[in-house]
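As a plain string of letters, each chain reads:
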Protein chains: 2
Amino acid sequence: MYLEKIESPADVRAIPVDELPALAAEIRGALIDKLAAHGGHVGPNLGMVETTIALHRVFDSPTDKLVFDVSHQTYVHKMLTGRAYGFTDPERYDEVSGYSEPSESEHDHFVIGHTSTSVSLACGLAKGRDLVGDDYNVVAVIGDGSLSGGEAFEGLDWAAELGSNLIVIVNDNEMSIAENHGGLYASLAELRATDGMSPNNYFRSLGLYYRYVEDGNDEQAVEAALAEVRGIDHPVVVHIHTEKGHGFAPAVEQKERFHWGGWFDKKTGESLLPAGGEPGYEELTYQALSAAMEADPRVVVISSATPGVMGFSPERRAAAGKQFVDVGIAEEHAVALASGIAAAGGVPVYGFYGTFIQRGFDQLMQDLCVNGNPAVLLSFCDSARSMNDVTHLGIFDVPELSAIPGLTYLAPTCKEEYLAMLQWAIAWQEGPVAIRVPAAGVVSREAAAPSDGESDDAAWPLMPEVVATGDDVAIIGLGCAFPIAQDAATMLEADGMDVTLVNPRVASGLDDAFVAELARTHKAVVTVEDGQLEGGFGEKVARQAGPFGTRVRCLGIPRGYYDRYDPAELMASCGLTPEGVTAAAKELLA
Amino acid sequence: MYLEKIESPADVRAIPVDELPALAAEIRGALIDKLAAHGGHVGPNLGMVETTIALHRVFDSPTDKLVFDVSHQTYVHKMLTGRAYGFTDPERYDEVSGYSEPSESEHDHFVIGHTSTSVSLACGLAKGRDLVGDDYNVVAVIGDGSLSGGEAFEGLDWAAELGSNLIVIVNDNEMSIAENHGGLYASLAELRATDGMSPNNYFRSLGLYYRYVEDGNDEQAVEAALAEVRGIDHPVVVHIHTEKGHGFAPAVEQKERFHWGGWFDKKTGESLLPAGGEPGYEELTYQALSAAMEADPRVVVISSATPGVMGFSPERRAAAGKQFVDVGIAEEHAVALASGIAAAGGVPVYGFYGTFIQRGFDQLMQDLCVNGNPAVLLSFCDSARSMNDVTHLGIFDVPELSAIPGLTYLAPTCKEEYLAMLQWAIAWQEGPVAIRVPAAGVVSREAAAPSDGESDDAAWPLMPEVVATGDDVAIIGLGCAFPIAQDAATMLEADGMDVTLVNPRVASGLDDAFVAELARTHKAVVTVEDGQLEGGFGEKVARQAGPFGTRVRCLGIPRGYYDRYDPAELMASCGLTPEGVTAAAKELLA
């Protein structure tokens, strides 16, 4: 047993070389035990066991600084820097985050969760070191999948100008989340096939020194290569070939499934999740898109390395043929690509996690929306009740997307409305449409689908649904927060109040005239959303209602970085419960 | 005279080869005549004369599609596609925009103004073409300077997977706006030095076919190379070496000065602008940063290819040495670099045009602000009264930057306050600070600098300045819109009203308690800002004041893409004049 005795990297360095395979085996065992029961990034960490041991034997962390890209592969690093308890003691599994976290340890230098940032951040550390007059090593670790992101390119390109110590470890496991996409990957394959000797070398073309390590799961081989570059006086790329999932056959065989996994059998890898149940939004989206692709060969589905969020398994991607495009981790390109496809008469549908589309903000503004091209965007996991890691929050989408002129941002309240809006958006030719896919569980609300009369209007999703009409208070519940507003309306009606209940449908804002009429005819207005208040939906209503003197209360999440919070607690603390909405309404009316 | 007879590219193709030099000379003459008198992009267009003629002789626009990166080099393209009047007739100079503009011509396919987008947009056209079943050529033109932007890399990397016709023209004039930065440029130089034969080839490393043309100002050489790739069935890069400013000696000799220029002598290139006058914000910023760098060797100024906006001429950059970093066109990298520098104890100050920081939105969110690192950001030209091309609007900065948790976004009202805030921000260690550099002329307002008593508070910029106190209406004027609010207050006081006048100082929002007190003690509140309403400053005030029933009116620019507008007219139409603010206040009080 080694892990329980490792309090710092010095303890790793003290382990005799011939005992390191036993340490690696113990680490793998702990990883598999925890991940099978708890969930987490499986393949990336299993593949990095030996390289991480070597990093901590060669470099002197925290004096030398290690920066891990995405940092989903830092579990081994955490085990070797005093945090093994978070992997060996089931009671303490949740005491370590799944990412790099400076508040946990002096060995972590940044909160990181999005891809392709490590080289630039490390360049910054190195430049700061030089300005201050220090002389430690700065090491960036980046996976091959992250290399397709523009920020990683920008960092590598600039690194050549640094002129001092910077060591970039390219952890090449031949995979992104799914398979890699881009011409770069063919030349990485050439480098692997030639033991790094191919003259066709992306890194050298950016002015960087380069060396190759074929077996990145041979700790001694990696250690030898790192020892040679330690203290180097210029930037260098060390290209290390590892195996994703190494040491756990199911993760090696099913690399995409085990990129992130949990609740599996520790021996066979078989899923222990209960089968069946209602289809989620991934599956509903796939079914709808599959039908749309079949009906119209111009429809093309775009993903930026996360095809699973739209239900596109490898088999389904293959079946879709040229109607499915995965651009790899390249959100900027994905948005511009969608704009170009629409300009040429294609029908692009680009689906993504909301947290990652931040990478494409300028492209949404410039490449797509100023051109008014009719692309469809599907944003997933936008809600305070979705992902709760600080780097993956789902609360910023409305401030971001509703700031963009020309972008219609729809927020369906339930699955029926979502599917109707998706079908509508694919047919809509007047401009780009984004849809905030509900992210707080699949809710059914049949009345939300347009009635026959309503759907005669070609632009029905652009008009609010007035569910009930009263004259005391108007409650406007956005998207997947609508059910909270609805329950509050029921409670208030039971208390004898007359309530207007509105599903606004459009997250990017209601008509001035509609809000003015609400303001004129109600004593109070309450808005309910499960995203950030600042820049959000409610503030637009408050502005529009402002001149009328009606009382307005906006309920939502105050601007902030929240980390691994309890969603129900956060929602309740913000008044985002039926009781909270009811209380807010009564306070305004008092 | 050729230009007056060219109505479409067919007319260019009809010109005998031996007369093409005369056409090129006529185009250059028209360019110099217009730009000397009117202003515009000089060097980029002079360098592209022959290549643009060749493009229109080889390809059949608009069936074949030409997509120009940034599109600041499209003046020649415009002359050859029926828009010569915009360059030959001084009365009609303003009838053509300075960028690609589909509303002008079927030969323009996108509104484009930011860099590094053409390859991705062209990939989209090509993919759309393939889905629809068309078979035209798609041509992207991109300058060497734009290659450092991550989006260009993402597009090139993905292009290799397209599997059908795409022709990427790399117009290599050995310059960005200023000199290029990045290791890539050394390998481009190798390619130029070896007539394209160097094995160290960035484009090939991304899986692309490649050919080189040494003299891009030899129309027949370019035409021959393009003819060989016309109709090609896979993506190819044609690397063309041109001379920026070709044919106009001053622009060749002073490439940075003549990237964009105007009001110069047509023979000597000497500036015809009146010398002297008060220093603008560029010069004020340079003086302040220069002093800060001298006082503290840890201070480093960062630019992403626009050093001029902070007054850093080539000589000043050289003098700053390692305390000045130009990362090239690479905003994503610049933000992450600043975060890393701050983490290592350096003091980074990153200055940019507000319109371009959209490219770094995710990096601001993730690389910088979630880490709370104390970088200083200076955002220039943010105002409806600044740049008025639709791709360069200065109205989106508050919605963007104020949506980011942990980022303090200051909006000084005048030069005294700006310089005091800049000094404060450089010393502030609590987190990242951005400053909205005033952008509507240099205004002096000595009272705005903190008084002795006030500046004892280490956090004075975080507190609003209450300039006057009354109890009828509170007027809050943000940043460079403050003078409008101030003049309105004077007018209202003259009409017998009691006015509270507030300089909020912080664009990202006032304290809840401060706004609540304003709302409780005034009948009405008016907010005044010269940026977008949706997601802007005023909406936050409207939300905070909402529960109190006071009447609130937010004045600002409604969400939209405005193009080549008259700033005074737009401001007036939005009520952003002293008279407009006065009228709004009176209406609320009525």
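Conventions we followed
- Residues numbered from 1 in each chain as written.
- Chains lettered and ligands numbered in written order.
- Predicted model: local features only at pLDDT ≥ 70, side-chain atom pairs only at ≥ 80, totals over all residues.
- Heavy atoms only, no water.
- Helix = DSSP H or I, 4+ residues; strand = E, 2+ residues; numbered from the N terminus.
- Rg over C-alpha atoms; globule rule 2.2 N^0.38 Å.
- Buried < 20%, exposed > 50% of the residue type's maximum accessible area, 1.4 Å probe, protein only.
- Contact = heavy atoms within 4.5 Å.
- Areas by Shrake-Rupley, 256 points an atom, 1.4 Å probe, with all protein chains shown as cover.
- Patch = residues over 30% accessible without salt bridge, like charges linked within 9 Å, V, L, I, M, F, W, Y side chains within 5 Å.
- Salt bridge = Lys/Arg side-chain N within 4 Å of Asp/Glu carboxyl O.
- Lys, Arg positive; Asp, Glu negative; His and termini not counted.
- Charge placed at Lys NZ, Arg CZ, Asp CG, Glu CD.
- Phe/Tyr/Trp six-rings, centres within 6.5 Å; stacked < 30°, edge-to-face > 60°.
- Lys NZ or Arg CZ within 6 Å of the ring centre and 35° of its normal.
- Buried area = accessible area lost by both parts, 1.4 Å probe.
- Core = buried A, V, L, I, M, F, W, Y, C linked by side-chain atoms within 4.5 Å.
- Pairing = 2+ DSSP bridges.
- Axes fitted to C-alpha atoms, helices over the stretch in contact; angles between N-to-C directions.
- Parallel < 35°, antiparallel > 145°, perpendicular 65-115°, else oblique.
- Left-handed = near helix turned anticlockwise from the far one by under 90°.
- Nonpolar A, V, L, I, M, F, W, Y, C, P; charged D, E, K, R; others polar.
- Least-squares fit on C-alpha atoms with pLDDT ≥ 70 in both.
- Polar contact = N/O pair within 3.5 Å; in protein donor to acceptor, adjacent residues only side chain to side chain.
- Disulfide = S-S within 2.5 Å.
- pLDDT = per-residue confidence, 0-100.

Novice: Go over the overall build of chain A with me, naming the residues and quoting the values.
Specialist: Assigned secondary structure in chain A consists of 25 helices and 18 strands. Its C-alpha radius of gyration of 26 Å places chain A within 12% of the 25 Å reference for a compact globule of 590 residues. Counting only residues that meet the buried cut, chain A has 66% of its 590 residues in that class. Taking contacts inside chain A between residues at least 6 apart in sequence as the whole, the part at least 24 apart equals 76%. Only carbon and sulfur atoms are counted for the fraction: they give 50% of the accessible area of chain A, which is about 18600 Å².

Novice: Could you give an account of a negative patch on the surface, with specific residues and numbers?
Specialist: Among the surface-exposed residues, A:Asp195, A:Glu214, A:Asp215 and A:Asp218 lie close enough to one another that they form a single negatively charged patch. Counting through the fold element by element, A:Asp215 comes out in the loop between β5 (209-213) and α11 (219-229).

Novice: Summarise the packing of aromatic side chains; cite the residues concerned and give the values.
Specialist: One pass over the full model with this rule turns up 35 aromatic pairs over all chains. With a centroid separation of 5.9 Å and 90 degrees between ring planes, the pair formed by B:Phe248 and B:Phe258 is classed as edge-to-face. Residue B:Phe248 is located in the loop between β6 (235-241) and α12 (249-253), and its partner B:Phe258 is located in the loop between α12 and β7 (260-261); the two are separated by ten residues in the primary sequence. Judged by its relative accessible area of 1%, B:Phe258 is buried. Here the aromatic cluster, defined as three or more aromatic residues joined through ring pairs, consists of A:Phe153, A:Tyr202, A:Phe203, A:Tyr210, B:Phe153, B:Tyr202, B:Phe203 and B:Tyr210. The ring of A:Tyr136 carries A:Arg129 above its face, with NZ or CZ at 6.0 Å from the centroid. Here B:Lys34 stacks its cationic end above the ring of B:Phe87, 4.4 Å away from the centre of that ring.

Novice: Quick rundown of the interface of chain A and chain B? Include the residues and the values.
Specialist: In many reports, interface size means the accessible area that the parts give up when they come together. Listed by partner, the interface residues are 112 residues for chain A and 112 residues for chain B. Across the interface of chain A and chain B, roughly 8500 Å² is buried in total on both sides, 57% from carbon and sulfur atoms. Per-residue buried area on chain A facing chain B is highest for A:Leu131, A:Arg543 and A:Tyr561; these three make up 9% of the total on that side. Remark: the boundary between chain A and chain B carries eight salt bridges.

Novice: An account of the environment of A:Gly538 is needed here, citing residue identities and associated values.
Specialist: For A:Gly538, the position within the fold is in helix α23 (residues 537-545). The spacing of A:Gly538 and A:Gly556 is 18 residues in sequence and 8.0 Å in space, taken between C-alpha atoms.

Novice: Please set out the nonpolar core residue by residue, giving values where relevant.
Specialist: Formed by 224 residues in total, the largest nonpolar core has its most connected members in A:Leu156, A:Tyr202, A:Ile475, B:Leu156, B:Tyr202 and B:Ile475. Discounting residues that sit within four places of it in the chain, B:Leu156 has contacts with B:Val119, B:Leu147, B:Val168, B:Tyr202, B:Phe203, B:Leu206, B:Leu208 and B:Val237.

Novice: Lay out a nonpolar patch on the surface in plain terms, naming residues and giving numbers.
Specialist: All names here are of chain A. Side chains of Trp260, Trp263, Leu272 and Leu273 sit close together on the surface and give an oily, nonpolar patch of about 440 Å² of accessible area. Following the sequence through the fold, tryptophan 260 ends up in strand β7 (residues 260-261). Judged by relative accessible area, which is 43%, tryptophan 260 ranks as partly exposed.

Novice: An account of the sheet that holds strand β3 (residues 138-143) of chain B is requested, with residue identities and associated values reported.
Specialist: Residues and elements named next belong to chain B. If you walk across this open sheet you meet the five strands as β2-β3-β4-β6-β5, and the pairing is parallel. Two strands in the sheet have a free side with no partner beyond their single neighbour: β2 (65-68) and β5 (209-213). Pairs of neighbouring strands in the sheet enclose a mean axial angle of 20 degrees, with direction left out of account. Here five bridges tie β5 to β6, and the two strands are oriented parallel to one another.

Novice: Give me the pairing of strand β11 (residues 376-380) of chain B: which residues, what numbers.
Specialist: Residues and elements named next belong to chain B. With respect to burial, β11 is a largely interior element, five of its five residues being buried. The two faces of β11 match: Val376, Leu378 and Phe380 on one face and Leu377 and Ser379 on the other face are all buried. As defined by bridge partners, β11 adjoins strand β13 (residues 433-436) across four bridges and the pair is classed as parallel. Within the sheet, the bridge partner assigned to leucine 377 lies in β13 and is alanine 434.

Novice: With reference to specific residues and values, describe the sheet that holds strand β17 (residues 524-532) of chain B.
Specialist: Residues and elements named next belong to chain B. Pairing in this open sheet of five strands is mixed, and the strands run β14-β16-β15-β17-β18 from one edge to the other. One side of each edge strand has no neighbouring strand; the edge strands of this open sheet are β14 (465-468) and β18 (551-557). Adjacent strand axes in the sheet meet at a mean angle of 20 degrees when their direction is disregarded. Alignment of strand β15 (residues 473-477) against β17, held across five bridges, turns out to be parallel. Bridge assignment links glycine 477 to a residue of β17, and that residue is valine 528. Across the sheet, helix α21 (residues 482-494) touches β14, β15, β16 (499-503) and β17, and the angle it forms with β16 is around 170 degrees.

Novice: Give a detailed account of the packing of helix α4 (residues 49-58) of chain B against helix α11 (residues 219-229) of chain B, specifying residues and quantitative values.
Specialist: Residue and element names in this part refer to chain B. Running from amino to carboxyl end, α4 crosses α11 at an angle of 40 degrees, the nearest separation of the two axes being 8 Å. Relative to α11, the element α4 lies oblique. Of the two elements, α4 crosses α11, and the hand of that crossing is right-handed. Two secondary-structure elements touch here, α4 through Glu50, Thr51, Ile53, Ala54, Leu55, Arg57 and Val58 and α11 through Glu219, Val222, Glu223, Leu226 and Ala227. Taken together, the residues that form the contact of α4 with α11 break down as seven nonpolar, one polar and four charged.

Novice: Residues and numbers for the relation of the copies chain A and chain B, please.
Specialist: Expressed as a screw operation, the relation of chain A to chain B combines 0.0 Å of axial shift with a rotation of 180 degrees, fitting to an RMSD of 0.0 Å. When the rotation and shift are considered jointly, the pair of chain copies conforms to a two-fold rotation axis. Of all interface residues in chain A, 100% are interface residues in chain B too; the two copies therefore contact each other through one and the same surface.

Novice: I'd like to hear about unusual backbone geometry, residue by residue, with values.
Specialist: A cis amide bond links A:Ser61 to the next residue, A:Pro62, at an omega of 10 degrees. Relative to the elements of secondary structure, A:Pro62 occurs in the loop between α4 (49-58) and β2 (65-68). Although it is not a glycine, B:Ser71 sits at a positive phi angle of roughly 70 degrees. Along the chain, B:Ser71 turns up in the loop between β2 and α5 (75-79). The exposure class assigned to B:Ser71 is buried, which follows from its relative accessible area of 0%.

Novice: How would you sum up the pattern of salt bridges? Please name residues and give values.
Specialist: Applying the stated criterion across every chain yields a total of 62 salt bridges over all chains. Of the charged contacts, one joins B:Arg445 and B:Glu465 as a salt bridge, the two residues approaching to 2.7 Å between their closest N and O atoms. Separated by 20 residues along the polypeptide, B:Arg445 in the loop between β13 and α20 (452-455) and B:Glu465 in strand β14 bring together distant segments of the chain. Residue classification places B:Glu465 among the buried positions, given a relative accessible area of 11%. Here the salt bridges do not stand alone but share partners, grouping A:Lys78, A:Arg83, A:Glu104 and A:Asp108 into one network.

Novice: Provide a residue-level description of the side chain of B:Thr582, including the pertinent values.
Specialist: Residues and elements named next belong to chain B. Mapped onto the elements, threonine 582 comes out in helix α25 (residues 578-589). Look at threonine 582 and you get buried, because its relative accessible area is 5%. Here proline 578 takes part through its backbone oxygen, which lies 2.6 Å from a polar atom of the side chain of threonine 582. Not counting residues within four places of it along the chain, the set of residues in contact with threonine 582 comprises Ala488, Met491 and Leu492.

Novice: Now, about the state of the cysteines: what can you tell me, with residues and values included?
Specialist: One pass over the structure, following the stated rule, counts zero disulfides over all chains. The thiol of A:Cys369 is unpaired, and the distance to the nearest cysteine sulfur, on B:Cys123, comes to 20 Å.

Novice: Describe the confidence of the model for chain A, with residues and values.
Specialist: For chain A, per-residue confidence averages 96 on the pLDDT scale, and 98% of positions sit at 70 or higher. Across the predicted assembly, pTM comes out at 0.97 and ipTM at 0.97.

Novice: Can you tell me about the environment of B:Gly43, naming the residues and giving the values?
Specialist: Residue and element names in this part refer to chain B. Mapped onto the secondary structure, glycine 43 falls in helix α3 (residues 43-47). For the pair glycine 43 and histidine 72, spaced 29 residues apart in sequence, the C-alpha separation works out to 10 Å. In this structure glycine 43 touches Lys244, Gly245, Phe258 and His259, once residues within four positions along its chain are discounted.

Novice: I'd like a rundown of the packing of helix α13 (residues 281-295) of chain B against helix α19 (residues 415-427) of chain B, residues and numbers included.
Specialist: All names here are of chain B. The N-to-C vectors of α13 and α19 enclose an angle of 30 degrees; their axes lie 11 Å apart at closest approach. Taken together, the axes of α13 and α19 are roughly parallel relative to one another. Crossing of α13 over α19 shows right-handed handedness. Residues Tyr281, Leu284, Thr285, Ala288, Leu289 and Ala292 of α13 form the contact with α19, whose participating residues are Lys415, Tyr418, Leu419, Leu422 and Ile426.

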